Amino acid sequence: MQRIVYLESDSVIAAVRRPAFAHDWVEYPMTAPDQVVERLHGATIAIVNKVPLPAAAVDALPDLKMVAVAATGTNIVDLNACRRRGIVVSNIRGYADHTVPEHALALLLALSRNLIAWRATVQAGRWQQSDQFCLFDHPIRDLHGATLGLIGSGSLGNGVARLAEAFGMRVLRAEHKGAPALRPGYTDFAEVLREADAVSLHCPLTPQTQGLIGEAELRAMKSTALLINTARGGLIDTLGIVRQRHAGRKREKGLAPSFFRSGAKYPLTHGWRCRKVGRQPRRHTWRPDTPCDSTTSPKPRSTTSRSSASRMISTRRTWTLSRR
């Protein structure tokens, strides 16, 4: 009989269908990393979502035959360790084919139209204070005619492409970084960065894509470009960006990234502290020279895509950085 252990039932809002074969089912609302081995002892099938399953844990579980990831990304599981043991690893595909692309477009619209800043301006009564019933406090850009660069052209990237093209955007699909040849319908990675008014990330987090976007890539982009990350935070080398920018580089990018990596406590802010700057309008873009400390910034909010791009939208103040 199979023993199935579901380590994080509270991390998914869904009624999980039990398998038809004979089994024992054990379920935990949440599991800490140091509880994984103990709770999976004797399990043949593990269901995980956010808690890591490293090689040491896999090696300590001799009965394990399958790991079912209740998400699309499998970077929490040491795939090489499972491969050596012959353990099957499965994930969920296609469950957010509409949700993530719509969320990415919502972020793109919010950033390009400055929606959050304008909302704060209206709440502050600026319309009523205007002598001519018009305001020009925040810039507004159209999506129509702009160029969107897609890094990752699977079901999610293609979903974003369809929506972007409906808005009249020109879509460039980036070839793999450093690829010796271009596939039909793809554009050189460096050219996409140079041409794009906005770049949207839709690739998995792997050793090859870790830190895919760093200081060099930001320097290659337009100074007004937007970067949307509804994938994994580790795709952006946030610490490298901060280090390089505070070495004297001043180019700015509007970002809506997911930088809080699994298992890290706000890595972007390590070694730095934030200072409040007056009563600024609410900003929904983040600049690499203004990270916020977890003790002073609003707590992040999660979304269906698990992106923390929406966390940036909830920020109510502008912050500046200074050394400890």
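About the thresholds
- Residues numbered from 1 in each chain as written.
- Predicted model: local features only at pLDDT ≥ 70, side-chain atom pairs only at ≥ 80, totals over all residues.
- Heavy atoms only, no water.
- Helix = DSSP H or I, 4+ residues; strand = E, 2+ residues; numbered from the N terminus.
- Contact = heavy atoms within 4.5 Å.
- Buried < 20%, exposed > 50% of the residue type's maximum accessible area, 1.4 Å probe, protein only.
- Phe/Tyr/Trp six-rings, centres within 6.5 Å; stacked < 30°, edge-to-face > 60°.
- Lys NZ or Arg CZ within 6 Å of the ring centre and 35° of its normal.
- Salt bridge = Lys/Arg side-chain N within 4 Å of Asp/Glu carboxyl O.
- Pairing = 2+ DSSP bridges.
- Right-handed = clockwise from strand over helix to strand, strands pointing away.
- Axes fitted to C-alpha atoms, helices over the stretch in contact; angles between N-to-C directions.
- pLDDT = per-residue confidence, 0-100.
- Core = buried A, V, L, I, M, F, W, Y, C linked by side-chain atoms within 4.5 Å.
- Expected span 1.5 Å × (residues − 1).
- Parallel < 35°, antiparallel > 145°, perpendicular 65-115°, else oblique.
- Left-handed = near helix turned anticlockwise from the far one by under 90°.

Attention shifts here to the overall build of the protein. A count of helical and extended segments in the protein gives eleven helices and twelve strands. Counted over contacts in the protein with a minimum sequence separation of 6, partners at least 24 positions apart contribute 61%.

Residues spaced three or four apart along an α-helix face the same direction, because each turn holds 3.6 residues. Three or more residues of helix α5 (residues 115-123) are buried, namely Ile116, Ala117, Trp118, Ala120 and Thr121. Gly125 lies just past α5 and shows a positive phi near 85°.

In this section: the packing of aromatic side chains. Here the structure, examined in full by the defined rule, presents two aromatic pairs. The interplanar angle of 85° and the centroid separation of 6.1 Å between the aromatic rings of Tyr6 and Trp25 together place this pair among those described as edge-to-face. With a gap of 19 residues between them, Tyr6 in strand β1 (residues 2-6) and Trp25 in strand β2 (residues 23-27) connect regions that are remote in the sequence. The ring of Tyr28 has Arg39 lying over it, and the distance from NZ or CZ to the ring centre is 4.0 Å. The ring of Tyr186 has Arg183 lying over it, and the distance from NZ or CZ to the ring centre is 3.9 Å.

As a further point, take the pattern of salt bridges. Throughout the structure, instances matching the rule amount to six salt bridges. Put simply, Arg113 and Asp142 hold a salt bridge, and the shortest N to O gap is 2.6 Å. Note that Arg113 is positioned in helix α4 (residues 99-113) and Asp142 in the loop between α6 (126-129) and β6 (147-151), a separation of 29 residues in sequence. With relative accessibility at 54%, the residue Asp142 sits in the exposed group. In this structure, Arg183 and Glu175 form a salt bridge, with 2.9 Å as the shortest nitrogen-oxygen distance. For Glu175, a relative accessible area of 4% corresponds to the buried category.

What follows is about the pairing of β6. The element β6 is largely enclosed, with a buried count of five among its five residues. Neither face of β6 is open: one carries Thr147, Gly149 and Ile151, the other Leu148 and Leu150, and all of them are buried. With four bridges joining them, β6 and strand β7 (residues 170-173) adopt parallel strand pairing. Within β7, the position partnered with Leu150 by the bridge is Arg173. Assessed by its sense of winding, the connection that carries the chain from β6 through helix α7 (residues 155-166) to β7 is right-handed.

On to the sheet that holds β2. As summarised here, the arrangement of the five strands in space is β2-β1-β3-β4-β5, forming an open sheet in which the pairing is parallel. Pairing within the sheet leaves two strands with one partner each, and these edge strands are β2 and β5 (88-90). When the angles between neighbouring strand axes are averaged without regard to direction, this sheet yields 15°. Both strand β3 (residues 45-48) and strand β4 (residues 66-69) contribute to a ladder of four bridges, which runs parallel. Among the inter-strand pairings, Ile45 is bridged to a residue of β4, identified as Met66.

Turning to the confidence of the model for the protein, a few remarks are in order. Chain-level statistics for the protein give a pLDDT mean of 79 and a share of 74% at 70 or above. Scored below 50 in pLDDT, residues 249-254 makes 27 contacts in the model with residues more than four places away or belonging to other chains. Confidence drops under pLDDT 50 across residues 256-324; counting only partners more than four residues distant or on other chains, this segment forms 159 contacts.

If you look at the biggest cluster of nonpolar residues, it comprises 22 residues, and the most contacted ones within it are Leu40, Leu53, Val67 and Val77. Of all the secondary structure elements, the ones that give two or more residues to this core are β3, α2 (55-59), β4 and α3 (79-85). When sequence neighbours within four positions are dropped, the list of residues in contact with Val77 reads Val48, Leu53, Val67, Val69, Cys82 and Val89. Counting 21 residues, the second largest nonpolar core, distinct from the first, contains Leu201, Leu205, Met221 and Ala225.

Time to look at α4. In this model, α4 (15 residues) spans 21 Å end to end at C-alpha, consistent with the 21 Å of a helix rising 1.5 Å per residue. Those residues of α4 that fall on the buried side of the exposure criterion are Val100, Pro101, His103, Ala104, Leu105, Leu107, Leu108, Ala110, Leu111 and Ser112. One or two steps after α4, the chain reaches Asn114, where phi turns positive at roughly 55°.

Moving on, we get to the side chain of Thr187. Here Thr187 shows up in the loop between β7 and α8 (189-195). Overall, Thr187 belongs to the buried group, its relative accessible area being 14%. Ignoring any residue separated from it by four or fewer positions in sequence, one finds Thr187 in contact with Leu172, Arg173, Ala174, Glu175, Leu182 and Val192.

Working note: a packed helix pair is described by the angle between its axes plus the distance between those axes. It is at 8 Å that the axes of α4 and α7 come closest, and there the two elements cross at 50°. One element, α4, and the other, α7, form an angle in the oblique class. When you trace α4 past α7, the crossing you get is right-handed. Counting all contacts with α4, which are made through Val100, Pro101, Glu102, Ala104 and Leu105, the residues of α7 involved are Leu156, Gly159, Val160, Leu163 and Ala164.

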